[in-house]
Amino acid sequence: MKYETVIGLEVHTQMKTRTKIFCACSTEFGRTANENTCPICLGMPGVLPVLNKRALELAVRACLATHCTINPLSRFDRKNYFYPDLPKGYQISQFSLPIGEYGHIDLPANGNSRRIGLRRIHMEEDAGKLIHGENLGQPDKSYVDFNRTGIPLIEIVSEPDLRSPEEARDYLNRLKSILQYAGVSDCDMEKGSLRCDANISLRPVGQKEFGIRTELKNLNSFKFVQKAIEIEVQRQTRILDQGDRVVQETRLYDADRNETFSMRSKEEAHDYRYFPEPDLVPVVVEATWLEEIRRSIPELPDQKRERFVRDYQIPEYDAEVLTSSRALADYYEQSVSLGAGAKTASNWIMGELLRELNNDERDIESCPVAPAALAEMVQLVENGTLSGKMAKTVFEEMYRTGKPAKQIVADQGLIQISDRTAIEKMIDEIIAANPGQTEEYRAGKVKLMAFFVGQTMKASKGKANPQIVNEVLKEKLG
Amino acid sequence: MSGFDIDNVALLARLRLEGAERERLGKDLETIIRYIDQLDQLDTARVEPTSHVIPIQNVLREDEETRPFASSDYLNMAPSEKRNHYEVPKII
Ligand SMILES: [Zn+2]
């Protein structure tokens, strides 16, 4: 049978604050275990949590950037469960009155975009980190680091609107880029500042009701999210094809074996017994402050993409790629403002530059070629000093050594020969040296043009201006 | 609260209740719940849900770091610690 895949994502992301959500401990990554702790985040008796204003502001920003409605009154609840990484025995979260609801994210796809609904965004505190004793030679113990306890998070819950693993990945990329643009989060998966759970179910194509879903937990890299969902979809397809029922459960993805497995035991029907957190007072985002926050949000990816198409006259696709991250968009705009042609710069960035960066698994922030250097090179192409082919060599060298284009051109004598007389002289010699081919060409074997172009490029060591070479060859052979 | 189950409550609270103790606490809790259940007889249709007992809102702190004690102060209070970590029984 043909099934439709139905996916909803729950994304936890760390907000960019200096201190924790309810106490004045640092959020700095990489400190000694338990250095960032205090009586509040350790859950000592009698302490009082107080909400970090910056965390609230960033949560509101996230809501505004994703078109959520801000709830006029929002509050915190206790989510009760026992686990050693949770010193209080409950997590402070938002249950019945989250900060924002009913948002959406548009996924651009071949010109027509898909709108993915957001059910809610709520604030909560992160839990600590458990290290299993095996790693420390104590297999009968576990070790707890509370540095992450109380790190401010928002959880962004999508509607079950995603229809394929690729779409889930696109959604994540989009969400990440929006949160980065809006300054809410770094979304650095390596540092644990973005985590994702996925709810997955299948239903026969055309059926309205949802099928039974499983929850895939702790997908901790963008690559894994798509792969894990793919593998879970395959597993559910096999079960349904055999006429069996999918069991509603929580599963984990094993990247090494590329399979999902049931978490079993611990997941005995959750009963978190939420109730209003009496230690924290309700939150009301006043209209004036809301306006202030709204004004402070910079241009977001959708707006930037539209502006790029309008102002730089580049295709929609180019604009989409270039605005995929704020850093890349800034890089592009700087190159253009420093003199690179808008479309040429776009071609180089989307082609050579991103290819090199992908190969090195580097991001644009650590690109060895600065926007000014790229602009200089693009100008050399545009004024005819370098042919496209030569420019590729120059670019590789720039990327490898960090040297400016002009220096590489000078060092390697790479100036394009655009002197028509010089090219004519070369071609005369080639024609004289190849009477057989010349005769065949003139007799109608036009494919031999490539041979003559090749000979000329060889004679000029690749430096002859290809356009002039073509013109002169047609003239002389014609 | 319907279908009150003392064993489930004990499980969620990580308490082991046995014999007479289980019996006694079960009865006590049931009485407490029946008492609280009287609230259901009130018509609350026009009452705003209470978010907090004190009518205040927006108590916020600035995003500034302070460090009242050294982390070793807390670690030293733990029953067991090792290499700056709190040591606990093995978690599966
Ligand atoms: Zn703290």
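A brief report on the enclosed structure follows. Just so it is clear, the structure is predicted and the values come from calculations on it, not from any experiment.

1. A word on the coordination of the zinc ion
Residues and elements named next belong to chain A.
- At the metal site, the zinc ion is ligated by Cys23 (SG), Cys25 (SG), Cys38 (SG) and Cys41 (SG), and these contacts range over 2.3 to 2.4 Å.
- Seen from the zinc ion, its four donor atoms lie at angles of 98 to 116°, and the figure they make is tetrahedral.
- In terms of primary sequence, the donors binding the zinc ion are separated according to C-x1-C-x12-C-x2-C. On the criterion of sequence distance, the pair formed by cysteine 25 in the loop between strand S1 (3–14) and strand S2 (51–52) and cysteine 41 in the loop between S1 and S2 is long-range, its members being 16 residues apart. For the pair cysteine 25 and cysteine 41, a shared accessibility class is recorded, and that class is buried.

2. A closer look at the sheet that holds strand S13 (residues 250–254) of chain A
Residue and element names in this part refer to chain A.
- An order of S3-S6-S7-S10-S1-S11-S12-S13-S14 is seen for the nine strands of this open sheet, with the pairing classed as mixed. Only two strands of the sheet have a single partner each, and these edge strands are strand S3 (69–70) and strand S14 (259–262).
- Direction of pairing for strand S7 (residues 114–125) relative to strand S10 (residues 152–158): antiparallel, over a ladder of seven bridges. Looking across to S10, one finds that leucine 118 is bridged to serine 158.
- Taken strand by strand, helix H1 (residues 53–65) contacts S3, strand S6 (100–107), S7 and S10, and its axis lies near 170° from that of S7.
- Seen against the sheet, helix H3 (residues 222–241) touches S1, strand S11 (194–204), strand S12 (214–219), S13 and S14 and runs at an angle of roughly 25° to S11.

3. As for the nonpolar core
Residues and elements named next belong to chain A.
- Among the nonpolar cores identified, the biggest contains 103 residues, and Leu9, Ile154, Tyr171 and Tyr332 are the most heavily contacted of them.
- Looking at which element gives the most residues to this core, the answer is H1, with nine residues.
- Among residues more than four places away in sequence, those in contact with tyrosine 171 are Leu9, Ile105, Leu107, Ile116, Leu118, Ile156, Ser158 and Leu162.

4. Quick look at the environment of valine 233 of chain A
Residues and elements named next belong to chain A.
- Within the fold, valine 233 resides in helix H3.
- Residues valine 233 and threonine 5, 228 residues apart in the sequence, show an inter-C-alpha distance of 7.3 Å.
- Setting aside chain neighbours within four positions, we find valine 233 in contact with Thr5, Ile200 and Leu202.

5. Focus: the packing of aromatic side chains
Residues and elements named next belong to chain A.
- If you walk through the whole model with that rule in mind, you get 14 aromatic pairs over all chains.
- Between the aromatic rings of phenylalanine 95 and tyrosine 274, the centroid separation amounts to 3.8 Å while the plane-to-plane angle is 5°, which identifies the pairing as stacked. You can see phenylalanine 95 sitting in the loop between strand S5 (90–93) and S6 and its partner tyrosine 274 sitting in the loop between S14 and strand S15 (275–276), a full 179 residues away along the chain.
- The class of phenylalanine 95 is partly exposed, set by a relative accessible area of 41%.
- Geometrically, the ring pair formed by tyrosine 312 and tyrosine 332 is edge-to-face, given 5.3 Å between the ring centres and 85° between the ring planes. Linking tyrosine 312 in helix H5 (residues 301–312) with tyrosine 332 in helix H7 (residues 326–337), this pair joins segments that are 20 residues apart in sequence. With respect to burial, tyrosine 312 and tyrosine 332 carry one shared label: buried.

6. Some remarks on the interface of chain B and chain A
- The interface is formed by 37 residues belonging to chain B together with 59 residues belonging to chain A.
- When chain B packs against chain A, close to 3,900 Å² is buried across both sides, 55% of that on carbon and sulfur atoms.
- For the pair chain B and chain A, the interface holds two salt bridges.
- Linking glutamate 134 of chain A and lysine 90 of chain B is a salt bridge whose minimum nitrogen-to-oxygen distance equals 3.2 Å.
- Along the contact surface separating chain B from chain A lie 19 residue pairs in polar contact (both at pLDDT 80 or more).
- Elements that contribute at least two residues to the side of chain B that touches chain A include exactly helix H1 (6–12), strand S1 (60–61), helix H3 (71–75) and strand S3 (85–89) of chain B.
- Among the elements that line the side of chain B that touches chain A, the one with the most residues is S3 of chain B, at five residues.
- Residue composition of the side of chain B that touches chain A, by class: 16 nonpolar, 10 polar and 11 charged.
- Pairing geometry for strand S9 (residues 141–145) of chain A and S3 of chain B, over four bridges, is antiparallel. Counterpart to serine 142 of chain A in the pairing with S3 of chain B is valine 88 of chain B.

Cut-offs and rules
Residues numbered from 1 in each chain as written. Chains lettered and ligands numbered in written order. Predicted model: local features only at pLDDT ≥ 70, side-chain atom pairs only at ≥ 80, totals over all residues. Heavy atoms only, no water. Donors = N, O, S within 2.8 Å, 3.2 Å for Na, K, Ca; no water. Tetrahedral: all angles 85-135°; square planar, octahedral: opposite > 155°, others 65-115°. Helix = DSSP H or I, 4+ residues; strand = E, 2+ residues; numbered from the N terminus. Buried < 20%, exposed > 50% of the residue type's maximum accessible area, 1.4 Å probe, protein only. Pairing = 2+ DSSP bridges. Contact = heavy atoms within 4.5 Å. Axes fitted to C-alpha atoms, helices over the stretch in contact; angles between N-to-C directions. Core = buried A, V, L, I, M, F, W, Y, C linked by side-chain atoms within 4.5 Å. Phe/Tyr/Trp six-rings, centres within 6.5 Å; stacked < 30°, edge-to-face > 60°. Buried area = accessible area lost by both parts, 1.4 Å probe. Salt bridge = Lys/Arg side-chain N within 4 Å of Asp/Glu carboxyl O. Polar contact = N/O pair within 3.5 Å; in protein donor to acceptor, adjacent residues only side chain to side chain. Nonpolar A, V, L, I, M, F, W, Y, C, P; charged D, E, K, R; others polar.

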